[in-house]
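Per-entry structural report
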Amino acid sequence: MSTQQPDCQEILDMVDAYALGAVAPEEASSLEQHVADCVGCWDELNRAQQTADLISLSVPSVESPRLLGERIISQAQREAVPIPVRHRSGPGLWQRLRPSWPAAAAAFGAVSIFALIFSATLKDDLDDLKAENNDLKAEVQAATFSLDQQLRAADSRLQEQEIITAVMSDSDRQQMTVASASDSSVFASYTWSPTARRGILECENVPDLPPGKVYELWIEAGEDVYPLATFQSQGGWCLVTMDMSFLDTRPTGMGVSVETVPGGVAGPSSGWALYAAFTPTR
């Protein structure tokens, strides 16, 4: 008695399970014999196998927990819905195929679970990279600000050294005592270079100011006064350089007032804490 061969519709219903390796050996043999002579079913089998290959490559290969497959198969068996089959004299193809679907369900379930695990792990890695990138940006900004402050301080010290060198190397430099209006213990002197039009103020025993206050240095030229610099007493000592090359006329005096931080007001807001009148030239 010859065995009845499945028709195209039965083969097409079986190619996806075959591509996943979820059919019985005798069913696989029937399918392979059929597609050897049927171009249409052969094309559908190729499509199913390509889809199965893509599924296997979509997530990294990770060993599943020992009992995961058994739990998925058990759940699939409990929730399985009977599939209508054609009435034949013997057992139909779908009836023979049903015992193999739990394995397919287990394969798809494992793929989905590991895809979710992979996605969650990738998201955590991306979040960590973003956090590290933000920390690196903050460190670079802080380092840049610190470097800028150091460069400004170095530039200021260089300018001070240039003025001191210009004043002290002038053989015609002049020096005078700067008087304090309220404290005789304060000693201050002003050294001036007529050639370089720059000067140096040195002082000792100058009182430290309370927070929010600053000393401001002014230069007089006739009836006009010009702010030159602000400074603080460093333990009673100060060294302030000044550049008066912008003046068109000879300065007639210099004074120091106490101002509110940050200084830079239009004129002295109080009386002189220190003052010296320049000797007019003949």
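Everything discussed here concerns the structure shown above.
The notes below deal with the structure included here. Every residue gets a number counted from 1 within its own chain, in the order that chain's sequence is written. Where totals are concerned, whole chains, interfaces and linings use all residues; where local detail is concerned, this predicted model gives features only for residues with pLDDT of at least 70, and gives and counts side-chain atom pairs only at 80 or more. The side-chain quantities take in all heavy atoms of the structure and omit both hydrogens and water.

On to the side chain of Ser 233, then. The helix and strand labels rest on DSSP assignments: H or I over at least four residues marks a helix, E over at least two residues marks a strand, and numbering proceeds from the N terminus. Its location among the elements puts Ser 233 in the loop between strand 5 (224-231) and strand 6 (238-243). Relative accessible area decides the class of each residue, using a 1.4 Å probe on protein chains only: under 20% of the type maximum gives buried, over 50% gives exposed, and in between gives partly exposed. Under the relative-accessibility criterion, Ser 233 is labelled buried at 9%. Only 3.0 Å separates the side chain of Ser 233 from the side chain of Asp 208, close enough to count as a polar contact. Polar contacts, as counted here, are pairs of nitrogen or oxygen atoms within 3.5 Å of one another; within protein the pair requires one atom able to donate a hydrogen and one able to accept it, and residues that are adjacent in sequence qualify only if both atoms are side-chain atoms. A distance of 2.9 Å separates a polar atom in the side chain of Ser 233 from the backbone nitrogen of Gly 236.

Bringing the state of the cysteines into the picture now. Here, two cysteine sulfur atoms that lie within 2.5 Å of each other are counted as a disulfide. A complete count under the given rule lists one disulfide for this structure. Just so you know, Cys 8 is unpaired, no disulfide at all, and the nearest cysteine sulfur is the one on Cys 38, 3.8 Å from it. Relative accessible area serves as the criterion here: at 35%, Cys 8 is assigned to the partly exposed category. We note that Cys 41 lacks a disulfide partner, and the nearest cysteine sulfur, in Cys 38, lies 3.5 Å from it.

To continue, consider helix 2 (residues 25-35). Regarding helix 2, the residues found buried are Glu 27, Ala 28, Leu 31, His 34 and Val 35. Summarising the axial view, the buried residues of helix 2 lie within an arc of 125°, below the 170-degree limit, and thus occupy one face. Turned more than 90 degrees from where helix 2 packs its buried face, Pro 25 and Glu 26 sit exposed. The arc in question is formed by the directions pointing from the helix axis toward the C-beta atoms.

To continue, consider the packing of aromatic side chains. The pairing test for Phe, Tyr and Trp rings, Trp by its six-membered ring, is centres within 6.5 Å, and the orientation test on the planes gives stacked under 30 degrees, edge-to-face over 60, and tilted for anything in between. For the structure on display, the rule yields four aromatic pairs. When the ring of Tyr 190 is compared with that of Phe 278, the centres are 5.2 Å apart and the planes differ by 10°; the resulting orientation is stacked. Placement of the pair is Tyr 190 in strand 2 (residues 187-193) and Phe 278 in the segment after strand 8 (274-277), with a sequence separation of 88 residues. With relative accessibility at 9%, the residue Phe 278 sits in the buried group. Ring geometry for Tyr 226 versus Phe 246: centroids 5.7 Å apart, planes at 75°, classification edge-to-face. Residue Tyr 226 is found in strand 5, and its partner Phe 246 is found in the loop between strand 6 and strand 7 (253-260); the two are separated by 20 residues along the sequence.

Treat this as a map of the structure, not an account of what it does.
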